[in-house]
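Chain by chain, the residues run as shown.
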Amino acid sequence: VVNQPDRTTTAVCGYCSTGCGLNIHLQDGPNGEPGGGGAVNLTPTTEYPVNLGMACPKGWEALAVLDAPDRAVAPLLKDGHGKQKPVNWDQALDTFRDRFQAIQKEHGAESVAFLSTGQIPTEEMALLGAVAKFGMGLVHGDGNTRQCMATAAVAYKQSVGFDAPPYTYADFEESDCLIFVGANPCLAHPIMWERVMRNKQKPEILVLDPRATETAMNATLHLPAKPKSDQSFFYGLANYFIQNGWVDRDFVANHTAGFEEYARFVEAFTFERVSKETGLPAETLRDAALRIRARERVSAWWTMGVNQSHQGTRTAQAIINFQLLTGSFGKPGTGANSITGQCNAMGSRLFSNTTGLLGGRDFKKAADRAAVAGMLNVPEERIPDRDSLAYPEIIEGILKGKIRGLWVIATNPAHSWINRNQLDDVLSRLDFLVVQDMYHSTETAKIADLVLPAAGWGEKDGTVINSERRIGLLKKVRKAPGQALADFSIFKLIADRWGCGELFEEWTDPEAAFHILKRLSAGMPCDFSGIRDYRHLDEAGGVQWPYPAEGADPAVERRLFADGRFYHADGRAKFLFEEPRPLPEAAGGKYPFTLLTGRGSASQWHTQTRTSKSAVLRKLYPDSVYVEVHVRDARRLQIAPEQTVRVESQRGSIRAKAFVTNGVPEGCLFLPMHYPETNQLTDGQFDPYSRQPAYKACAARLLAD
Ligand code: SF4
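This is a predicted model, so every value here is computed, not measured.

Novice: Where do I start with the packing of helix α12 (residues 271-278) against helix α13 (residues 282-293) in this structure?
Specialist: Helix packing geometry: the angle between the two helix axes and the distance between the axes. Contact pair α12 / α13: the axes reach a minimum separation of 9 Å and the direction vectors enclose 110°. One finds that α12 runs roughly perpendicular with respect to α13. Here F271, V274, S275 and T278 of α12 come into contact with α13, specifically with A282, L285, R286 and A289.

Novice: Would you take a moment to explain the pattern of salt bridges for this structure?
Specialist: Side chains that carry opposite charge are capable of pairing whenever their charged atoms lie near each other. A full pass over the atoms with the stated rule returns 45 salt bridges. Residue E628 is joined to R211 by a salt bridge in which the shortest nitrogen-to-oxygen separation is 3.5 Å. Taken together, the residues span a long stretch of sequence, with E628 in strand β22 (residues 626-630) and R211 in the loop between β9 (204-208) and α8 (214-217) at a distance of 417 residues. Pair check on accessibility: E628 and R211 agree, each one buried. Measuring nitrogen to oxygen at the nearest pair gives 3.7 Å for the salt bridge that ties E396 to K400. Several salt bridges converge on common partners, so that one network encompasses D90, D94, R97, D98 and R497.

Novice: Is there a simple way to explain the site of the ligand in this structure?
Specialist: The environment of the ligand is formed by C13, Y15, C16, T18, G19, C20, A55, C56, K58, G59 and I191. Considered class by class, the residues forming the shell around the ligand number seven nonpolar, three polar and one charged.

Novice: Explain the side chain of K133 here, please?
Specialist: Topologically, K133 is positioned in helix α3 (residues 122-135). Put simply, K133 is tucked away with no salt bridge, and the nearest opposite charge, on D387, sits 7.0 Å away. Ignoring sequence-local partners within four residues, the contact set of K133 consists of F114, L138, V139, G141, N353, T354, F363, R382, P384 and S388.

Novice: Honestly, the pairing of β22 in this entry has me stumped. Any pointers?
Specialist: Among the five residues of β22, five are classified as buried, and the element is accordingly described as predominantly covered. Residues Y626, E628 and H630 of β22 are buried on one face, and the alternating residues V627 and V629, pointing to the opposite face, are buried as well. With five bridges connecting them, β22 and strand β24 (residues 652-661) associate as parallel partners. By the bridge assignment for β24, Y626 is matched with K657. With two bridges joining them, β22 and strand β25 (residues 668-672) adopt antiparallel strand pairing. Considered in β25, the bridge of E628 is made with F670.

Novice: Which parts of the structure should I look at to understand the packing of helix α9 (residues 230-243) against α12?
Specialist: Contact pair α9 / α12: the axes reach a minimum separation of 9 Å and the direction vectors enclose 165°. Taken together, the axes of α9 and α12 are roughly antiparallel relative to one another. For α9 against α12, the interelement crossing comes out left-handed. Residues S232, F233, G236, L237 and Y240 of α9 lie in contact with α12, whose contacting residues are F271, V274, E277 and T278.

Novice: I keep staring at the sheet that holds strand β2 (residues 21-27) and nothing clicks. Help me out?
Specialist: Think of a sheet as strands paired side by side through backbone hydrogen bonds, with each pair either parallel or antiparallel. Strand order in the open sheet made by the three strands is β1-β2-β3, with antiparallel pairing throughout. Because the sheet does not close on itself, it has two edges, and the strands there are β1 (7-12) and β3 (38-44). Along the sheet, successive strands turn relative to each other by an average axial angle of 35°, direction set aside. Inspection of the sheet shows β1 paired to β2 by six bridges, in the antiparallel sense. The residue of β2 that forms the bridge with V12 is G21.

Novice: Help me understand the pairing of β9 in this model?
Specialist: Regular strands place their side chains on alternate faces of the sheet. Counting buried positions along β9 yields five of five residues, so the element is predominantly enclosed. On β9, burial covers both faces: E204, L206 and L208 on one face and I205 and V207 on the other are all buried. Examined bridge by bridge, strand β8 (residues 177-181) and β9 share five bridges and lie parallel to one another. When the sheet's bridge partners are listed, I179 is paired in β9 with L206.

Novice: Even after reading the chapter, I still don't get the sheet that holds β24, so can you show me in this structure?
Specialist: Taken in spatial order, the six strands line up as β21-β25-β22-β24-β23-β26 and close into a barrel, and their pairing is mixed. The average undirected angle you get between the axes of adjacent strands in this sheet is 45°.

Novice: Can you walk me through the packing of aromatic side chains in this structure?
Specialist: Taken as a whole and assessed by the stated rule, the structure comprises 43 aromatic pairs. Relative to Y169, the ring of Y167 lies with its centre 6.3 Å away and its plane at 35°, an arrangement referred to as tilted. Grouping residues by exposure puts Y167 and Y169 together as buried. Residues F251 and F566 carry aromatic rings whose centres are separated by 6.3 Å and whose planes lie at 90° to one another, so their mutual orientation is edge-to-face. On the criterion of sequence distance, the pair formed by F251 in helix α10 (residues 249-255) and F566 in the loop between β19 (543-544) and β20 (573-574) is long-range, its members being 315 residues apart. In this structure, F251 and F566 share a single accessibility class: buried. Members of the aromatic cluster, each reached through a chain of ring pairs, are F162, F251, F329, W545, F561, F566 and Y567. We note R211 situated over the ring of F670; from NZ or CZ to the ring centre the distance is 3.5 Å.

Novice: I would appreciate a short explanation of the domain arrangement of the protein in the present structure.
Specialist: Put simply, an interface is often sized by how much accessible area is lost when its parts join up. In terms of domain boundaries, the protein breaks down into domain 1 (7-67), domain 2 (93-148 + 343-464 + 483-531), domain 3 (151-338) and domain 4 (593-704). Listed as interface residues are nine residues of domain 1 and, on the opposing side, eleven residues of domain 4. Both faces combined, the contact of domain 1 with domain 4 buries some 820 Å², and carbon together with sulfur accounts for 71% of it. Contact with domain 4 buries surface across domain 1, with Y15, K58 and V65 losing the most and accounting together for 58% of the total. Run the count over domain 1 and domain 4 and you get zero salt bridges. At the boundary of domain 1 and domain 4, one finds three residue pairs in polar contact (both at pLDDT 80 or more).

Cut-offs applied
- Residues numbered from 1 in each chain as written.
- Predicted model: local features only at pLDDT ≥ 70, side-chain atom pairs only at ≥ 80, totals over all residues.
- Heavy atoms only, no water.
- Axes fitted to C-alpha atoms, helices over the stretch in contact; angles between N-to-C directions.
- Helix = DSSP H or I, 4+ residues; strand = E, 2+ residues; numbered from the N terminus.
- Parallel < 35°, antiparallel > 145°, perpendicular 65-115°, else oblique.
- Contact = heavy atoms within 4.5 Å.
- Salt bridge = Lys/Arg side-chain N within 4 Å of Asp/Glu carboxyl O.
- Buried < 20%, exposed > 50% of the residue type's maximum accessible area, 1.4 Å probe, protein only.
- Near = heavy atom within 4 Å.
- Nonpolar A, V, L, I, M, F, W, Y, C, P; charged D, E, K, R; others polar.
- Lys, Arg positive; Asp, Glu negative; His and termini not counted.
- Pairing = 2+ DSSP bridges.
- Left-handed = near helix turned anticlockwise from the far one by under 90°.
- Phe/Tyr/Trp six-rings, centres within 6.5 Å; stacked < 30°, edge-to-face > 60°.
- Lys NZ or Arg CZ within 6 Å of the ring centre and 35° of its normal.
- Domains from an automatic or database assignment.
- Buried area = accessible area lost by both parts, 1.4 Å probe.
- Polar contact = N/O pair within 3.5 Å; in protein donor to acceptor, adjacent residues only side chain to side chain.

Here's what the structure looks like:
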């Protein structure tokens with residue numbers, strides 16, 4: 001039997017933030033080396049506390065995508081004719097150093113920036129951030145987490161004092177009322193949804209989403225509110241609860257600040273007004289309120305429908321506010337719960353050294369800089385005393401000629417950035433673009449001046465932090481192809497070649513870096529200094545933060561704020577709110593439709609960089625772009641199912657197949673995010689607090705082709 005394994009190890013999946021445990025089955029090497037023949041197949045781990053023996057199609061196919069023919073197997077450098085040609089690592093590293101240093105010499109240290117990811121282990125992200133900022137002198141770097149989780153991070157920081165999703169996955173099963181807002185876990189987080197399906201409380205499931213998604217179809221009440229009206233919805237709900245005296249007065253008095261102002265503010269959000277703004281009948285709003293009121297353990301869950309909005313932060317806080325006023329924090333089955341996107345978005349949020357200093361600290365605070373300098377033994381003056389530009393500001397910086405060199409690691413902005421037609425122009429203005437990736441075929445890698453071949457999931461060690469704050473272990477179970485190297489090794493090589501390698505001598509390998517991370521976390525809310533080592537993580541089935549060296553709670557599933565104490569200095573959570581704003585680009589006139597975007601399948605991931613490499617996953621999803629259009633709109637425009645149509649916005653025009661359905665509301669269109677065409681149409685609007693792009697709504701029109 002060709003794939004008969006000799007032994008089994010475990011590792012966490014490297015796609016989404018669920019963080020499922022997988023058994024990886026290994027063959028011994030030709031001379032009997034244990035596991036030396038590498039991974040031959042995998043199965044979900046039954047004992048892992050996250051997934052309890054389940055995995056989605058992406059997890060099952062995680063090994064298959066490593067064998068793709070378009071893996072980057074050697075560094076590629078553009079020659080004088082603009083053609084990428086293989087070079088050796090020496091040449092690649094020399095070029096990296098010479099070109100970026102020349103740009104810095106001419107335009108200043110800040111003229112080179114980096115864009116990283118939520119897809120690589122925390123150890124790699126922290127080393128990248130440290131090398132880039134403390135070694136190479138860069139000030140500006142951000143991650144693709146700006147596109148998914150920035151809003152949740154800012155909302156939590158402002159409201160509860162730290163970027164701290166409070167829940168544990170047991171809450172999916174312990175809640176007797178789950179409110180999903182702009183979230184479709186059936187597709188986007190299928191194993192979390194399986195946890196909901198295990199709920200024995202006969203829960204109410206309310207889904208606030210313009211589309212009749214797979215999750216909405218399983219709801220006890222679907223609330224098809226107009227796009228981006230969820231902020232008004234929660235203000236109206238809060239007002240109704242306050243007017244009826246359904247406030248947890250003890251919790252509010254003892255653990256929150258700003259309630260009275262909030263109560264006055266939401267008075268204006270009568271159901272009459274909210275009905276106009278959401279398009280939901282007042283009777284439906286009342287029904288939703290009564291259903292929530294009738295239950296004891298109410299949890300609210302949100303994802304990109306909230307985060308990717310022009311008013312995402314205040315919308316997330318409208319959810320947090322509602323959970324605060326009902327005292328739904330810190331108890332089983334409760335919480336205002338952001339579900340993270342990428343496998344290590346939280347590692348990035350806390351340790352990427354981009355807009356926040358390592359460990360959830362602040363670049364602008366002298367004490368934080370001194371602490372990090374001491375812990376890492378780097379001169380304090382090497383630590384920037386200000387935040388990085390956020391992703392959209394880096395893009396703007398390139399447009400203005402202030403950023404001239406860009407280093408992109410494990411992300412694909414030429415596909416995924418909002419209004420990507422503009423980005424093509426932006427990237428072409430760079431003096432030097434480096435892309436470090438597993439594949440040389442991404443839209444961004446194809447236009448790079450230099451491609452650095454990287455190992456992927458399964459080809460390197462490290463840790464990731466999932467949505468419930470669980471730190472899980474990734475393992476090297478395959479050899480990377482050709483000359484591809486772990487990102488950790490690439491960062492070390494770059495530091496040495498740049499001339500700052502001695503600053504990072506202690507970062508010898510990922511596990512050594514993990515011990516540095518423990519040190520950086522100590523005393524912070526995300527303290528995990530009590531985790532002994534990688535073996536501890538492996539044996540425990542991952543460990544949730546906080547897990548301090550002294551007095552750690554050994555329970556496998558833990559939630560935050562059980563004592564009602566939040567992370568602000570006064571221990572109180574804040575009610576934060578403001579008047580909802582209209583859509584930046586409302587439908588009307590030449591563009592009568594509201595174009596929504598989002599995940600289209602459980603089998604595909606983001607820009608399909610990896611998932612398109614699996615024949616199984618390809619079969620589970622159409623290989624060319626389609627647009628969802630409501631039956632009545634299709635009839636009115638005389639568009640037949642499967643007909644090729646044009647979808648146009650002010651920024652571009654694309655061809656797509658019509659998918660005629662009742663799942664999208666009349667007057668709206670839906671395009672999946674996985675196709676490169678989609679972001680040719682989206683509008684470059686951002687939340688003012690998180691600077692997260694508002695991918696979810698812009699004006700468009702539909703034409704028969
Ligand atoms: Fe991997 Fe997420 Fe699927 Fe679990 S749900 S197998 S973590 S992609």
